[in-house]
Amino acid sequence: MRRLPPRALLARTACAAALVPVLASCGLLSDSAKAEGPALSAPAGVTAQAGSATSVHVMWNRPASTAEVKEYEVYRGAKRVKRLPAERHMVDVTGLAPTSRYVFTVRARGTDGSLGPASTRVTVTTPAAVKEDRAAPSRPTGLRGQADGSRTVSLAWRKATDDRGVASYDIYQGATKIHSVDGKETRALVTGLRPGTAYAFSVRARDAADNTSAASGTLRLTTARGKGEEGPGTAPSEFEASTRRAKGAYYIDLAWTPPRTGGEVPAYQLFLDGREATTVMWGESAPADSATYSFYIGKKAHVEHRVKLRAQLPDGTWGAFSVERKVTTGTPSKRG
């Protein structure tokens, strides 16, 4: 099975030792750390997309840590350009120069005033200025979707057209823009909603000159009642696990299909034998169609293990779990 590239192992630095107890405890707080309170981690899943020749749309996910966030700070290079409240996970940075390269990072500030580490650096180049482009994209049509659990809805639509190309699609909840996806996408997963609540969604297309289309038709959806559980559409699918022996030790190999969120899934929580083992993170580019991951499990044969994982969603929360698979070292793996 293909191993993940080095950038996919960012979350394993604390788990570099090849002992199972270390792996099983990675990402879990010690008793002393719990007493002091969790530290902020960096915002995950940061993306930057040129919305026009003079603007960039920056989005990010909530940090994986449980520390409370007061606000986010967005940096262009070393300069802070935006400060946003904790409930915001996206912003348009304007006043930029055409055909210019920019580097963005995001940091979270805790309720105690502490500033967390910087996110992964993302680079974007604004396109050339477009002369006399006053034609907006066509109106997206065929907006459809469904509630997926009590706090998530999935949306899809037919692509819009534009003489210069669609740069992005903006998703609106009522009159408020709540999400954006790349112009090549025609679907999105909207998370962070309230259980048993009615919502009205629409979509607009935007080109590189910041011309915005008319809104699509309005789609009204009501989330399921419940305790805020994620729906099955947020879970990784086609999840498989197997074991292999190499150089006198056993490894567990995983493969799955990422959930369709309208963008990259930047991180996964891996659970081993009922406990959180580690967080698998990608750097610049997360796999869109299929993902694989391998890890050391020990030297003993005939040891049974249970494994499952879940994906980080656009709002930084964790989706539903995949099916749980059972594997036994030294024996052929079977579907769990």
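Read on for an overview of the structure. A quick note: this is a predicted structure, and the numbers were derived from the prediction, not measured.

1. Comments concerning the pattern of salt bridges
Here the structure, examined in full by the defined rule, presents ten salt bridges. Its salt-bridge partner being Glu-71, residue Arg-83 comes within 2.7 Å of it at the nearest N-O pair. Of this pair, Arg-83 sits in strand E4 (residues 79-85) while Glu-71 sits in strand E3 (residues 69-76), and the two are twelve residues apart along the sequence. Exposure remark for Glu-71: the relative accessible area of 11% places this residue in the buried category. Where Arg-109 meets Glu-71, a salt bridge forms, and the shortest distance between an N and an O atom there is 3.5 Å. With Arg-109 in strand E6 (residues 101-110) and Glu-71 in strand E3, this residue pair connects regions lying 38 residues apart in the sequence. Neither residue differs from the other here; Arg-109 and Glu-71 are each classed as buried.

2. Here's the deal with the nonpolar core
Judged by nonpolar contacts, the single largest core of 22 residues is most densely connected at Ile-252, Leu-254, Trp-256, Tyr-268, Trp-282, Tyr-293 and Phe-295. Listed by contribution, the elements that provide at least two residues to this core are strand E15 (237-246), strand E16 (249-257), strand E17 (267-272), strand E18 (275-281), strand E19 (291-298) and strand E20 (304-312). Ala-48, Ala-67, Tyr-72 and Leu-96 belong to the second largest nonpolar core, which has 21 residues in total.

3. Focus on the sheet that holds strand E2 (residues 55-61)
Spatially, three strands are ordered E1-E2-E5 in an open sheet, and the strand pairing comes out antiparallel. Each having just a single partner strand, strand E1 (44-52) and strand E5 (90-93) make up the two edges of the open sheet. Taken pair by pair, the neighbouring strands of this sheet meet at an average axis angle of 20 degrees, ignoring direction. As paired elements, E1 and E2 share six bridges and run antiparallel to each other. When the bridges of E2 are listed, Ala-48 appears paired with Val-58.

4. Observations concerning the packing of aromatic side chains
Throughout the structure, instances matching the rule amount to eight aromatic pairs. Ring geometry for Phe-271 against Phe-321: centres 5.0 Å apart, planes inclined by 90 degrees, an arrangement best described as edge-to-face. Residue Phe-271 is located in strand E17, and its partner Phe-321 is located in strand E21 (residues 318-321); the two are separated by 50 residues in the primary sequence. Both rings, one in Tyr-293 and one in Phe-295, keep their centres 6.1 Å apart while their planes meet at 35 degrees; by these two values the pair is tilted.

5. Details of the sheet that holds E19
Strands belonging to one sheet form pairs held by backbone hydrogen bonds; the direction of such a pair is parallel or antiparallel. The strand order across the open sheet formed by three strands is E15-E16-E19, and the pairing between neighbours is antiparallel. Two strands lie at the open edges of the sheet, namely E15 and E19, each paired on one side alone. Going from strand to strand, the sheet's axes swing by 20 degrees on average, the running direction of each strand aside.

6. What to know about the side chain of His-179
As for its position among the elements, His-179 is in strand E11 (residues 176-182). Taking relative accessible area as the criterion, His-179 reaches 9% and is therefore assigned buried. Once residues within four sequence positions are removed from consideration, His-179 is found in contact with Met-59, Met-90, Tyr-169, Asp-170, Ile-171, Ala-188, Leu-189, Thr-261 and Pro-314.

7. Observations regarding a positive patch on the surface
A surface patch of like charges, here positive, comprises Arg-144, Arg-158, Arg-187 and Arg-260. Here Arg-260 is to be found in the loop between E16 and E17. Judged by relative accessible area, which is 48%, Arg-260 ranks as partly exposed.

8. Let's talk about the side chain of Ser-216
With respect to the helices and strands, the residue Ser-216 is situated in the loop between strand E13 (198-207) and strand E14 (219-222). According to the relative accessible area criterion, Ser-216 is buried, its value standing at 6%. Not counting residues within four places of it along the chain, the set of residues in contact with Ser-216 comprises Arg-139, Pro-140, Leu-143, Ser-202 and Val-203.

9. Section: the environment of Ala-241
In this structure, Ala-241 sits in strand E15. Look at Ala-241 and you get buried, because its relative accessible area is 8%. In this structure the C-alpha to C-alpha distance between Ala-241 and Glu-324, which are 83 residues apart in sequence, comes to 9.1 Å.

10. Observations regarding the pairing of E18
With five of its seven residues buried, E18 lies for the most part within the structure. In this structure, E17 lies alongside E18, joined through six bridges in antiparallel fashion. Paired with Leu-270 across the bridge in E18 is Thr-278. The turn linking E17 back onto E18 is made up of two residues, and Asp-273 within it adopts a positive phi angle of 55 degrees.

The rules we used
- Counting from 1, residues in each chain are numbered in the order their sequence is written.
- The model is predicted, so local features are restricted to residues of pLDDT at least 70 and side-chain atom pairs to those at 80 or more, both for listing and for counting; the totals for chains, interfaces and linings are taken over all residues.
- The basis for every side-chain value is the complete set of heavy atoms in the structure, and neither hydrogens nor water enter the calculation.
- What counts as a salt bridge is simple: a side-chain nitrogen of Lys or Arg found within 4 Å of a carboxyl oxygen of Asp or Glu.
- Where helices and strands are cited, they refer to DSSP runs of H or I of at least four residues and of E of at least two residues respectively, numbered from the N terminus.
- Three labels apply to residues, based on accessible area from a 1.4 Å probe with only protein chains included: buried if under 20% of the type maximum, exposed if over 50%, partly exposed otherwise in between.
- Nonpolar core, defined: a set of buried Ala, Val, Leu, Ile, Met, Phe, Trp, Tyr and Cys residues in which side-chain atoms within 4.5 Å join the residues together.
- By the convention used here, strands pair only if DSSP detects at least 2 bridges between them.
- Every axis corresponds to a line fitted to the C-alpha atoms, with the helix fit spanning only the stretch in contact, and the corresponding angles, defined between N-to-C directions, vary from 0 to 180 degrees.
- Aromatic pairs are defined between Phe, Tyr and Trp rings, using the six-membered ring for Trp, whenever the two ring centres lie within 6.5 Å; interplanar angles under 30 degrees are classed as stacked, those over 60 as edge-to-face, and all others as tilted.
- Any two residues having at least one pair of non-hydrogen atoms within 4.5 Å are treated as being in contact.
- Residues form patches when they are more than 30% accessible in relative terms and have no salt bridge. Like charges link within 9 Å. Nonpolar side chains (Val, Leu, Ile, Met, Phe, Trp, Tyr) link within 5 Å.
- Under the convention used here, a 1.4 Å probe and the Shrake-Rupley method define accessible areas, while residue burial counts only the protein chains that appear.
- We count Lys and Arg on the positive side and Asp and Glu on the negative side, and we leave His and both chain ends out.
- Charge positions come from single atoms, namely NZ of Lys, CZ of Arg, CG of Asp or CD of Glu.

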